[in-house]
Amino acid sequence: MATRRAVIVDVIRTPFGRGRESGVLAHWHPVDLYAQVLSAIVERNRLDPALIEDVITGCVVQVAEQSGNIGRQAVLAAGFPESVPAVTLDRKCGSAQQAVDFAAQGVIAGACDLVLAGGVEMMSRVPMRANRMGKDNMGSAHHARYPEGLVGQGIAAELIAAKWNISREEQDRLALRSHELAAAAEDSGSTARDILPLPSRNHDSSPVARDEGLRRDTTFDKLSALQPAFRDPTMQERFPEIDWSVSAGNSSQVTDGACAVLIAEESTAARLNLTPRASVEAFAVTGDDPLFMLTGIIPATEKLLRRAGVSFDDIDSFEVNEAFASVVLAWQKHFAADQEKINQFGGAIALGHPVGASGGRLLGNLLRTLEETNGRYGLQTMCESGGMANATLVRRL
């Protein structure tokens, strides 16, 4: 039997809007927002939607407007044939990346030939923890295993900064770099291909076509002046090593957004006159210490490289999600990675982090950097709540 290969044909996403009532996307219902990118990617590739065999969707907080298998609702809202199925998954911040991985794995296994993967999160409408109803998800066995209790992501980011000796200055400089690179990519048009302009709130002004979170006027001094965002006397007593260096400025932004990725079996793409941009070469997912929570990107990267049989030095471009600056810097220090190869169009600190959809934005930026630099291999990795991480290897075609 001939080897099957999964190829990425196209990536499209909405602009990312600030996750607040005044945000540029806050007037959208999440079903409609996701339907926009599903419709657009089909139209842009002149594809009959009846050929799509599944729509795999990432969404983290699946309550209220995001409940009830939002992927299926968006398929119907997009006007696709009723024969097109959909499923919605939650792997926290890695949800859209996991959707892409599952789609590619299905193609490689022969279960399907043409799949849409994507994600959506409207954090202005459905805030984080809205699915917890004031209660946690830690049962008695969980408490028995971790009697002192786990911590929130901000404290985890502080613990990472302490363990890897990452200073406040390092974090703020990475944050400034994120904004500067994102602005340069926007100005050059590098990221424009991936962004679907959307009608503004009142429909009588210019379409929304850029990421709202980008702050062109920020400076190192402005970032340095921000107070630590997670300072907690109780946590200081428990973790005296924390130096309180994580601020709103060196953390990812609460954001609205949606993405879609078209994945096909290589011969199917050729038959449909679709031009592949990259192949999906290998996948890894791992669990890690849930106290530090966000460090799983390190073992996930190592596992992916072993599985793919490539070395770290073989990778031409990296997308490491900027959940917090300390997370990226810890990963960089562990691998002694060249910062110039990391997040070359900026990251979530500048562009925002709609948790169910960020994986599509990282993938789009990764493909574009490979294309513009004539790179071959790109690696994407995403830390996730609860101590998990995804890593995906792609090869430019």
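Above this text sits the structure in question.
Now for a quick tour of the structure. (Residues numbered from 1 in each chain as written. Predicted model: local features only at pLDDT ≥ 70, side-chain atom pairs only at ≥ 80, totals over all residues. Heavy atoms only, no water.)

1. Focus: the overall build of the protein
- Across its full length, the protein holds 13 helices and 10 strands.
- The C-alpha radius of gyration computed for the protein amounts to 20 Å, which stays within 12% of the reference 21 Å derived for 397 residues, consistent with globular compactness.
- Reported as C-alpha extents along the three principal axes, the dimensions of the protein are approximately 60 × 50 × 50 Å.
- Of all 397 residues assigned to the protein, the portion counted as buried reaches 58%.
- Contacts in the protein between residues far apart in sequence, at least 24 positions, make up 81% of those at least 6 positions apart.
- Here the protein has roughly 15800 Å² of accessible surface; of this, 50% comes from carbon and sulfur atoms.
- The centroid of the 39 positive side-chain charges in the protein is displaced by 1 Å from the centroid of its 49 negative side-chain charges. (Helix = DSSP H or I, 4+ residues; strand = E, 2+ residues; numbered from the N terminus. Rg over C-alpha atoms; globule rule 2.2 N^0.38 Å. Buried < 20%, exposed > 50% of the residue type's maximum accessible area, 1.4 Å probe, protein only. Contact = heavy atoms within 4.5 Å. Areas by Shrake-Rupley, 256 points an atom, 1.4 Å probe, with all protein chains shown as cover. Lys, Arg positive; Asp, Glu negative; His and termini not counted. Charge placed at Lys NZ, Arg CZ, Asp CG, Glu CD.)

2. Overview of the packing of aromatic side chains
- For the coordinates displayed, the defined rule picks out 6 aromatic pairs.
- Their ring planes at 65° and their centres at 5.2 Å tell us that F318 and W331 sit as a pair that is edge-to-face. On the criterion of sequence distance, the pair formed by F318 in strand β8 (residues 317–320) and W331 in helix α11 (residues 325–335) is long-range, its members being 13 residues apart. Grouping residues by exposure puts F318 and W331 together as buried.
- Judged by centre distance (5.2 Å) and plane angle (55°), the ring pair of W331 and F335 falls under tilted. Taken together, the positions of W331 and F335, both in helix α11 and 4 residues apart, correspond to about one turn of that helix. Neither residue differs from the other here; W331 and F335 are each classed as buried.
- Three or more aromatic residues joined by ring pairs make a cluster, and in this case those are F312, F318, W331 and F335.
- Stacked on the ring of F16, the Lys or Arg R13 has its end atom at 4.5 Å from the ring centre.
- Lying across the ring of F292, K163 places its NZ or CZ 5.1 Å from the centre. (Phe/Tyr/Trp six-rings, centres within 6.5 Å; stacked < 30°, edge-to-face > 60°. Lys NZ or Arg CZ within 6 Å of the ring centre and 35° of its normal.)

3. Description of the pairing of strand β9 (residues 377–384)
- Counting buried residues along β9, 8 of its 8 residues qualify, which places the element largely inside the surrounding structure.
- In this sheet, β9 lies alongside β8 in parallel orientation, the contact comprising 4 bridges. If you follow S317 over to β9, its bridge partner there is G378.
- Joining the antiparallel neighbours β9 and strand β10 (residues 388–396) is a turn of 3 residues, in which G386 adopts a positive phi near 90°. (Pairing = 2+ DSSP bridges.)

4. Notes on the packing of helix α10 (residues 297–308) against α11
- Two elements in contact, α10 and α11, have axes separated by 10 Å at closest approach and are oriented at 45°. Here α11 runs oblique to α10, going by the angle between their axes. For the element pair α10 and α11, the recorded crossing hand is right-handed. Here α10 contributes I297, I298, T301 and E302 to the contact with α11, which in turn contributes V327, A330, W331, H334 and F335.
- Grouping the constituent residues of the contact of α10 with α11 by class yields 6 nonpolar, 2 polar and 1 charged. (Axes fitted to C-alpha atoms, helices over the stretch in contact; angles between N-to-C directions. Parallel < 35°, antiparallel > 145°, perpendicular 65-115°, else oblique. Left-handed = near helix turned anticlockwise from the far one by under 90°. Nonpolar A, V, L, I, M, F, W, Y, C, P; charged D, E, K, R; others polar.)

5. Observations concerning the pattern of salt bridges
- Throughout the structure, instances matching the rule amount to 19 salt bridges.
- A salt bridge links R125 to E65; the shortest N-O distance between them is 3.0 Å. Of this pair, R125 sits in the loop between β5 (114–122) and α4 (140–145) while E65 sits in the loop between β3 (54–58) and α2 (70–77), placing them 60 residues apart in sequence.
- The exposure class assigned to R125 is partly exposed, which follows from its relative accessible area of 30%.
- Across the pair R173 and E169 runs a salt bridge whose closest N-O atoms are separated by 3.0 Å. Taken together, the positions of R173 and E169, both in helix α6 (residues 168–188) and 4 residues apart, correspond to about one turn of that helix.
- Linked through salt bridges whose partners overlap, the residues forming this network are E186, D187, R210 and R216. (Salt bridge = Lys/Arg side-chain N within 4 Å of Asp/Glu carboxyl O.)

6. Focus on the packing of helix α5 (residues 153–163) against α11
- Following both chains from N to C, one finds α5 and α11 inclined at 35°, their axes separated by 8 Å at the closest point. Every pair of crossing elements has a handedness; the one defined by α5 and α11 is left-handed. On the side of α5, the interface is formed by A157, I160 and A161, while α11 contributes S326, V327 and A330.
- Here the residues of the contact of α5 with α11 are counted per class, giving 5 nonpolar, 1 polar and no charged.

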